[in-house]
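Remarks on the overall topology
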Amino acid sequence: MLGIERNSDEAFFTRLYNTVDNPATDSIASWSQSGKSFIVWNPVEFARRVLLCSLLSPSIRSILCIYGYEFRKVGYESNEYANDNFVRGQPELMKNIPRQDSSSQSRM
């Protein structure tokens, strides 16, 4: 079961990284200027493409929390998210992004 979860994590991170890193999808999501966070420009299309779901609410943060990944919102009003292990040009770091345990997810 752990292997299945890890493969699922890898598939999610691959979709996320490829979407953020591809200039052809900059209208959906792109790296911030620093490359240490990403900005979601089109939440509905981002949900369809990356999260593989329909987004009924524009809150990407809640979806990322449901997925159990430790992304934090950058700023108050933007759709910018960061994780120390999700950095432009360093996709190998993604393997270090931990899944939150169910007890920490329930507190969000």
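This one's a predicted model, so the numbers in the text were calculated from it and none came from an experiment.

Reading the values: rules and limits
- Residues numbered from 1 in each chain as written.
- Predicted model: local features only at pLDDT ≥ 70, side-chain atom pairs only at ≥ 80, totals over all residues.
- Heavy atoms only, no water.
- Phe/Tyr/Trp six-rings, centres within 6.5 Å; stacked < 30°, edge-to-face > 60°.
- Helix = DSSP H or I, 4+ residues; strand = E, 2+ residues; numbered from the N terminus.
- Buried < 20%, exposed > 50% of the residue type's maximum accessible area, 1.4 Å probe, protein only.
- Pairing = 2+ DSSP bridges.
- Axes fitted to C-alpha atoms, helices over the stretch in contact; angles between N-to-C directions.
- Core = buried A, V, L, I, M, F, W, Y, C linked by side-chain atoms within 4.5 Å.
- Contact = heavy atoms within 4.5 Å.
- pLDDT = per-residue confidence, 0-100.

1. Structural notes on the packing of aromatic side chains
Scanning the entire structure with this criterion turns up 9 aromatic pairs. Their ring planes at 35° and their centres at 5.1 Å tell us that W31 and F86 sit as a pair that is tilted. Here the residue W31 occupies a position in strand β1 (residues 29-31), and F86 occupies one in the loop between β4 (80-82) and α4 (102-106), the gap between them amounting to 55 residues. For the pair W31 and F86, one class covers both residues: buried. Where F38 meets F86, the ring centres are 5.5 Å apart and the plane angle is 65°; that geometry is what we call edge-to-face. Here F38 is found in strand β2 (residues 38-40), whereas its partner F86 is found in the loop between β4 and α4, with 48 residues between them in sequence. No difference in accessibility class separates F38 from F86, as the two residues are buried.

2. Observations regarding the sheet that holds β4
Strand order in the open sheet made by the 4 strands is β1-β2-β4-β3, with antiparallel pairing throughout. Taken across any chain shown, the strands that pair with only one partner, and hence form the sheet edges, are β1 and β3 (72-74). Neighbour-to-neighbour, the strand axes of the sheet open up by a mean angle of 35°, direction not taken into account. Two elements, β3 and β4, share 3 bridges in a ladder whose sense is antiparallel. Bridge assignment links K73 to a residue of β4, and that residue is Y81.

3. Section: the nonpolar core
Judged by nonpolar contacts, the single largest core of 20 residues is most densely connected at L16, F38, F46, F71 and F86. For this core, the secondary-structure elements that each account for two or more residues are α1 (2-21), β1, β2 and α2 (43-51). Beyond its immediate stretch of four places on either side in the chain, L16 contacts F38, F46, V50, F71 and F86.

4. Let's talk about the confidence of the model for the chain
Looking at the chain, pLDDT values average 79 and 71% of them are 70 or higher. Per-element averaging of pLDDT across the chain places α4 at the bottom with 44 and β1 at the top with 96. The model gives residues 1-5 a pLDDT under 50, and that stretch makes 1 contact with residues more than four places away or in other chains. When the criterion is pLDDT under 50, residues 102-108 qualifies, and its contacts beyond four places in sequence or with other chains add up to 6 contacts.

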